[in-house]
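Chain and residue survey
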Amino acid sequence: MKTPSILFVCLGNICRSPLADGALRHRVRQLDLGWTVDSAGTGGWHRGDPPDPRAIAVARAHGVDIATLRGRQVSAADFDRFDLILAMDHDNLAGLRRIAPASSPAELCLALDLVPGRAGQAVADPYYGDASGFDATWADAKAIAEAVLVRFGVRR
């Protein structure tokens, strides 16, 4: 079986997708799975930038370092490189569907579609709020990471 590759996508790739990326990378390392995990944004405004300091802080508070991640924009090549592309909200999903090559083998869905009882829901964007919004996003990121593990047959 091919080693899974997962891409998380939000708007700017500095809040939600790096948190989900960090949460899953952390679990993948703990379980010594060797999966490919990455994140990107539908927009390119934050190319090369580190995650938002509040995202870094909340991840760090949970023992996960995302400070070395850098923002990037999703590309057509990602649709061949990744098996599963998880959008943080409906707008991101629509943007991904617009640019996905017709021949893409990647599965596209909302990230919370994998979490029992959360199908169809978006991960709230904490960017314009205070630090408490990042706590809620971290909780979603952890739930998504565990759901991805289950999706690929890894039992906790």
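Residue numbering note: each chain is counted from 1, following its sequence as written. With pLDDT at 70 or above as the cut-off, local features in this predicted model cover only qualifying residues; side-chain atom pairs require 80 or more to be listed or tallied, and sums for whole chains, interfaces and linings still use all residues. Neither water nor hydrogens contribute to the side-chain values; these are computed over all heavy atoms in the structure.

A look at the environment of Gly133
Here is the rule we go by: By the criteria applied, helices consist of DSSP H or I runs no shorter than four residues and strands consist of E runs no shorter than two, each listed in order from the N terminus. Three labels apply to residues, based on accessible area from a 1.4 Å probe with only protein chains included: buried if under 20% of the type maximum, exposed if over 50%, partly exposed otherwise in between.
Tracing the sequence through the fold places Gly133 in helix H5 (residues 131-151). Judged by relative accessible area, which is 23%, Gly133 ranks as partly exposed. Sequence separation between Gly133 and Ala55 is 78 residues; the distance between their C-alpha atoms is 9.7 Å.

Re unusual backbone geometry
One non-glycine residue, Asn13, lies in positive phi territory at about 65 degrees. Mapped onto the secondary structure, Asn13 falls in the loop between strand S1 (5-10) and helix H1 (16-30). Judged by relative accessible area, Asn13 falls into the buried class, the value being 2%. Although it is not a glycine, Asp32 sits at a positive phi angle of roughly 55 degrees. Tracing the backbone shows Asp32 in the loop between H1 and strand S2 (36-41). Accessibility expressed as a relative area gives 69% for Asp32, which makes it exposed.

Brief notes about the packing of aromatic side chains
Note the following rule: Aromatic pairing here means that ring centres of Phe, Tyr or Trp (its six-membered ring) are within 6.5 Å. Orientation follows from the plane angle: under 30 degrees is stacked, over 60 is edge-to-face, and everything else is tilted. We call a charge positioned above a ring when the Lys NZ or Arg CZ atom is no farther than 6 Å from the ring centre and deviates by at most 35 degrees from the ring normal.
All chains considered together, the criterion is met by 2 aromatic pairs. Judged by centre distance (5.5 Å) and plane angle (70 degrees), the rings of Trp35 and Phe152 are edge-to-face. Residue Trp35 is found in the loop between H1 and S2, and its partner Phe152 is found in the segment after H5; the two are separated by 117 residues along the sequence. Accessibility classification places Trp35 together with Phe152 in one group, the buried group. Here the guanidinium or amino end of Arg151 rests over the ring plane of Phe152, the centre of that ring lying 4.8 Å away.

Things to note about the packing of H1 against H5
Quick reminder of the rule: Axis angles are defined between N-to-C directions and span 0 to 180 degrees, where every axis is a line fitted to C-alpha atoms and, for a helix, only to the segment in contact. In what follows, roughly perpendicular refers to angles from 65 to 115 degrees, roughly parallel to angles under 35, roughly antiparallel to angles over 145, and oblique to any angle outside these ranges. Note on convention: the crossing is left-handed when the near helix lies turned anticlockwise from the far helix by less than a right angle, right-handed when the turn is clockwise. Here, two residues are considered to be in contact whenever any of their heavy atoms come within 4.5 Å of each other. All residues other than Ala, Val, Leu, Ile, Met, Phe, Trp, Tyr, Cys, Pro, Asp, Glu, Lys and Arg, Gly among them, are scored as polar; the first ten of these are nonpolar and the last four charged.
Where H1 contacts H5, the two axes come as close as 8 Å, and the packing angle between them is 45 degrees. One element, H1, and the other, H5, form an angle in the oblique class. Every pair of crossing elements has a handedness; the one defined by H1 and H5 is right-handed. Of H5, the residues touching H1 (which contributes Arg16, Leu19, Ala20, Ala23, Leu24 and Arg27) are Phe134, Thr137, Trp138, Ala141, Lys142, Ala145, Glu146, Val148 and Leu149. Class assignment for the residues of the contact of H1 with H5 results in 10 nonpolar, 1 polar and 4 charged.

Details of the pattern of salt bridges
Heads up, the condition is: Put simply, a salt bridge is a Lys or Arg side-chain nitrogen that is within 4 Å of an Asp or Glu carboxyl oxygen.
Tallying each qualifying case throughout the model produces 12 salt bridges. With its nearest N and O atoms 2.5 Å apart, the salt bridge here joins Arg27 to Glu146. Here Arg27, found in helix H1, pairs with Glu146, found in helix H5; they are 119 residues apart in sequence, far enough to count as distant. Each of the two residues, Arg27 as well as Glu146, counts as buried. The salt bridge involving Arg81 is made with Asp38; its shortest N-O contact spans 3.6 Å. Placement of Arg81 in helix H3 (residues 78-81) and of Asp38 in strand S2 is noted, with a sequence separation of 43 residues between them.

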